[in-house]
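# Observations on chain architecture
Residue-level listing of the chains:
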Amino acid sequence: MNNNQDTPKPTLPHLPDVETVLAELAKAKSIDDLTGKDGVFARLFGKTLTAMLEGEMSAHLGYEPYEAKGRNSGNSRNGKRTRRVKTSSGEVEVRVPRDRNGSFEPQALRKYETSSSELEDKIIAMYARGMTVRDIQSALQDMYGIETSPETVSKITDKVLPLVEAWQSRPLASQWAIWWLDAIHVKLKREHKIVNVAVYLVMGIDLEGRKDVLGHWVGDGAEGSSFWLNVITELKNRGVQNVFIACVDGLSGFEDALEAVFPQTEVQRCLVHQVRYSLKYVTQKDRKAFTADLKAIYQSPTREAAEMALLQLSEHWSDKYALAVRSWENHWEALATMFAYTPEIRRLIYTTNPIEAYNRQLRKATKTKGAFPTAEAVRKCFWLAHQNIAQTWDRPIHNWELILNQLQLGTDPQPARHSL
């Protein structure tokens, strides 16, 4: 006997017939009449999906509606419930059959259903890409025909806050090859005022050569050593024991905080920031010559050659541009750190460009936000943007094995201070 005869095939009762489809299409006068939330496709979709669910129920029970063999079979139909299914054309009403045993799980509905969690994921993704609440409201209205309040959007995006907290406090690797420290400024509402607040950032390269951002810290005022000291102390408490080189942009607080917590760390001031700072004090007609003398310093092959070029800079320009020259002299130890390293390492540490590139991507996600209502809102927005940015950070940087070998073999002028 053929066993296939014992199991009925799913049927699709009450599917819209050709005449019905043609009649519906004849009513359409515009694209909205076809694809809008009350259009032909939405109405036919609801009827078709309902019919598919009836077919699934027949297959589940093993008999068609009103068939005699369904009597005393142990399970039977038990009415229908109405579901509102969200589609690209808006919400449609579907009649979902039920069975008395409650064992029917419709597969067709699962395929087309847009659950609240899926909608929340879409809202969070749009928020992470810098869309305003108004933009998100419009997008949801266009895609699903759903009215959403700003409060609802805020509550949905707030659901990621536990993830933000977990990320911000996660344990860190004990050893780091390179850190970049910087800050980005945002507008924040505080005590009924809108103020500019620094958000402190630390990016690092671990011993496997992979980039990571260690956290975002919303400051309580202008950048300064006291807040940076709190940040770096927190990083030590999260497991960091040693940082080989830290790259900073020359703003206040970096070097003092690093010296206090990680006295073994070598500090490299960003040469790009240093050049920009110097040129602020140089007139336009002298900039070309002054810049040429600066290049002779930072492009020197050795520290000794760089110091000779610095001496020449002082002899040529100190009388005319004392502040520009004095800045190089006062910060020379931090500017000259890179000369102890090979060209592969110098290219990584002579500038804070890696973290500034990260900052530019963060600004794309925040430029439409206006003033943030709370510090938590800032951290939420930054964390969501970070999740998108960091998706491409799955490979070690180029020539990392060579760079790590050079760091460990003692290109440091005081190798005994470090242990990677």
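Residues numbered from 1 in each chain as written. Predicted model: local features only at pLDDT ≥ 70, side-chain atom pairs only at ≥ 80, totals over all residues. Heavy atoms only, no water.

## A short note on the overall build of the protein chain
- A tally of regular secondary structure across the protein chain gives 19 helices and 7 strands.
- Per-residue burial over the protein chain gives 44% buried out of 420 residues.
- A separation threshold of at least 6 residues defines the contact pool for the protein chain, and within that pool the share at least 24 residues apart is 65%.
- For the protein chain, the accessible area works out to roughly 22500 Å², and carbon and sulfur atoms hold 51% of it. (Helix = DSSP H or I, 4+ residues; strand = E, 2+ residues; numbered from the N terminus. Buried < 20%, exposed > 50% of the residue type's maximum accessible area, 1.4 Å probe, protein only. Contact = heavy atoms within 4.5 Å. Areas by Shrake-Rupley, 256 points an atom, 1.4 Å probe, with all protein chains shown as cover.)

## Quick look at the sheet that holds strand β5 (residues 211-218)
- If you walk across this open sheet you meet the 5 strands as β5-β4-β3-β6-β7, and the pairing is mixed. Each having just a single partner strand, β5 and β7 (266-269) make up the two edges of the open sheet. Here the strands of the sheet are splayed against their neighbours by 25° on average, with no regard to which way each runs.
- As paired strands, strand β3 (residues 175-190) and strand β6 (residues 242-248) are joined by 5 bridges and run parallel to one another. Within β6, the position partnered with W180 by the bridge is C247. (Pairing = 2+ DSSP bridges. Axes fitted to C-alpha atoms, helices over the stretch in contact; angles between N-to-C directions.)

## Thoughts on helix α11 (residues 271-279)
- Among all positions of α11, only L271, Q274, V275, S278 and L279 are buried. In an axial view of α11, the angular spread of the buried residues amounts to 130°, which keeps them on one side of the axis. (Arc of directions from axis to C-beta.)

## Some remarks on helix α17 (residues 353-366)
- Here α17 contains 14 residues, and its C-alpha end-to-end distance of 20 Å stays within 8% of the 20 Å for a straight helix at 1.5 Å per residue.
- For α17, the complete set of buried residues consists of I355, E356, Y358, N359, L362, A365 and T366. Down the axis of α17, the sector holding all buried residues measures 160°, keeping them to one side. (Expected span 1.5 Å × (residues − 1).)

## Examining the environment of E54
- Relative to the helices and strands, E54 resides in helix α3 (residues 40-61).
- For E54, a relative accessible area of 8% gives the class buried.
- Residues E54 and P97, spaced 43 residues apart in sequence, show a C-alpha to C-alpha distance of 6.6 Å.
- A polar side-chain atom of E54 sits 3.0 Å from a polar atom in the side chain of K80. (Polar contact = N/O pair within 3.5 Å; in protein donor to acceptor, adjacent residues only side chain to side chain.)

## Regarding unusual backbone geometry
- Even without being glycine, E191 reaches a positive phi, approximately 50°.
- Examined against the element boundaries, E191 turns out to sit in the loop between β3 and β4 (193-206).
- Assessed through its relative accessible area of 74%, E191 is described here as exposed.
- Within the chain, N399 stands out as a residue other than glycine whose phi angle is a positive 60°.
- Mapping N399 onto the fold places it in the loop between α18 (375-389) and α19 (400-408).

## A short note on the layout of surface pockets
- Approximately 380 Å³ is the volume found for the largest pocket.
- Together, 19 residues line the largest pocket, and Y127, V133, K369, A371 and P373 are the ones closest to its centre.
- A per-element tally of the lining of the largest pocket places helix α7 (residues 150-158) first, with 4 residues.
- A class-by-class count of the residues in the lining of the largest pocket yields 9 nonpolar, 5 polar and 5 charged. (1 Å grid on protein atoms, 1.4 Å probe; cavity = no way out; pocket = protein on both sides within 12 Å on 5 of 7 lines; lining within 4 Å. Points joined across faces, edges and corners; volume = space filled by probe spheres on them. Nonpolar A, V, L, I, M, F, W, Y, C, P; charged D, E, K, R; others polar.)

## Some thoughts on the packing of aromatic side chains
- All told, the structure shown has 10 aromatic pairs when counted by the stated rule.
- Pairing F244 with Y341 gives two aromatic rings, centres 6.2 Å apart and planes at 70°, and the pair type is edge-to-face. Taken as a pair, F244 in strand β6 and Y341 in the loop between α15 (332-335) and α16 (343-349) lie far apart in primary sequence, 97 residues in all. You'll find F244 and Y341 in the same group, each marked buried.
- With a centroid separation of 5.4 Å and an interplanar angle of 70°, the aromatic rings of Y277 and Y281 are classed as edge-to-face.
- According to the relative accessible area criterion, Y277 is partly exposed, its value standing at 34%.
- With a relative accessible area of 31%, Y281 lands in the partly exposed category.
- Linked through ring pairs, Y200, F227 and W228 together constitute an aromatic cluster. (Phe/Tyr/Trp six-rings, centres within 6.5 Å; stacked < 30°, edge-to-face > 60°.)

## Notes on the side chain of D249
- Within the fold, D249 resides in the loop between β6 and α10 (254-261).
- Those residues in contact with D249, other than ones at most four positions away along the chain, are L181, D182, F254, C270, H273 and T352.

## Some thoughts on the nonpolar core
- Counting residues in each nonpolar core, the largest one holds 72 residues, and the members touching the most others are F290, I297, W328, W332 and I349.
- Take this core: its biggest share by element is 8 residues, from α18.
- With near-sequence residues (within four places) excluded, I297 lies in contact with A306, A309, L310, L313, W328, W332 and F339.
- With 25 residues, the next largest nonpolar core counts A183, Y200, V240 and V243 among its residues. (Core = buried A, V, L, I, M, F, W, Y, C linked by side-chain atoms within 4.5 Å.)

## Notes on a nonpolar patch on the surface
- Together, Y277, Y281 and L323 make up a nonpolar patch on the protein surface, roughly 260 Å² of accessible area in all.
- Judged by relative accessible area, L323 falls into the partly exposed class, the value being 46%. (Patch = residues over 30% accessible without salt bridge, like charges linked within 9 Å, V, L, I, M, F, W, Y side chains within 5 Å. Salt bridge = Lys/Arg side-chain N within 4 Å of Asp/Glu carboxyl O.)

## Section: the packing of helix α9 (residues 225-237) against α10
- In contact at an axis separation of 8 Å, α9 and α10 are set at 35° when each is read in the N-to-C sense. With respect to the hand of their crossing, α9 and α10 are arranged in right-handed fashion. In this structure, α9 uses S225, W228, L229, I232, T233 and K236 to contact α10, whose residues at the interface are F254, D256, A257, L258, A260 and V261.
- Tallied by class, residues from the contact of α9 with α10 come to 8 nonpolar, 2 polar and 2 charged. (Left-handed = near helix turned anticlockwise from the far one by under 90°.)

## So, the confidence of the model for the protein chain
- For the protein chain, per-residue confidence averages 80 on the pLDDT scale, and residues scoring 70 or more make up 78% of the total.
- In the predicted structure, residues 1-13 sits below a pLDDT of 50 and forms 17 contacts with residues beyond four places in sequence or in another chain.
- Every residue in residues 410-420 scores below 50 in pLDDT, and together they form 31 contacts with partners more than four places removed in sequence or on other chains. (pLDDT = per-residue confidence, 0-100.)

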